[in-house]
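Letter by letter, the chains look like this.
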Amino acid sequence: MEGWDPNTKSTLTQIPLLATKAGPRDGAAWTQRLKEEYKALITYTQMNKSKDNDWFRISAANPEGTRWTGKCWYVHNLLKYEFDLQFDIPVTYPSTAPELELPQLDGKTQKMYRGGKICLTIHFKPLWAKNSPRFGIAHALCLGLAPWLAAEVPILVDSGMIKHKDDATSSSES
């Protein structure tokens, strides 16, 4: 955690670490892991709301908890940019981090793979590997998606690659 800003460090230390090393193929152990994932996500969401830093909503899209969908947003120049968020839990989870996808941004930045999967290889994947199985979905959002949005959205907006929904609406009406 050396070199991290105090905010990130503080946030990360408050997200509960997970104890169960289980993936989607592990039956009852996976159910226990999902309970821990939900607890960490609820803690992280409550913490963000208390700091007026609410920036995502996700939920399991299937009963097995292997597909997740939701929304994430980033505020730039006092405008809120909202994106669909989706990801699948890999069968090798928690050894392998989920690949977070923002399909609306597919092809708009070099820091993204086909299908809208954000690039997390250089900075986040080694961190995940070092902390597996204690890290979970909440940690991936905190240390993967949040910094990616902070780095990429302003560039995409300033370059005109993405437009605010109000700008898009007004330009299509004229």
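Note that residues are indexed from 1 along each chain, following the sequence as it is written. Reporting of local features is limited, given that this is a predicted model, to residues whose pLDDT is at least 70; pairs of side-chain atoms are given and counted only at 80 or more, and all residues count toward the totals for whole chains, interfaces and linings. No hydrogens and no water enter the side-chain calculation; it runs on all heavy atoms of the structure.

The name given to the protein chain in an unreviewed UniProt entry is Ubiquitin-fold modifier-conjugating enzyme 1, with the source organism recorded as Linum tenue. UniProt positions are given in the numbering used here, feature names are shortened, and annotations may be inferred rather than shown by experiment. The UniProt entry for the protein chain carries the following text under Function (unreviewed entry): "E2-like enzyme which forms an intermediate with UFM1 via a thioester linkage." You can read under Sequence similarities (unreviewed entry) in the UniProt record for the protein chain the words "Belongs to the ubiquitin-conjugating enzyme family. UFC1 subfamily."

Peer 1: Explain the sheet that holds strand β3 (residues 79-88) here, please?
Peer 2: By way of backbone hydrogen bonds, the strands of a sheet pair with one another, either parallel or antiparallel. Each pair of strands is called paired provided DSSP finds at least two bridges between the two strands. What counts as a helix is a DSSP run of H or I of at least four residues, what counts as a strand is a run of E of at least two, and both are numbered from the N terminus. Across the sheet, which stays open at both edges, the three strands sit in the order β1-β2-β3 with antiparallel pairing between neighbours. Bordering the open sheet on either side are β1 (56-60) and β3, each of which pairs with just one other strand. Neighbour-to-neighbour, the strand axes of this sheet turn through a mean angle of 10°, independent of strand direction. As paired strands, strand β2 (residues 67-76) and β3 are joined by ten bridges and run antiparallel to one another. Bridge assignment links W73 to a residue of β3, and that residue is E82. Here a residue-residue contact requires only that any non-hydrogen atoms of the pair lie within 4.5 Å. Axis geometry follows a simple rule: fit a line to the C-alpha atoms, using only the stretch in contact for helices, then measure angles between N-to-C directions, giving values from 0 to 180 degrees. Of the strands in this sheet, β1 and β2 touch helix α2 (residues 28-50), which is tilted by about 165° from β1.

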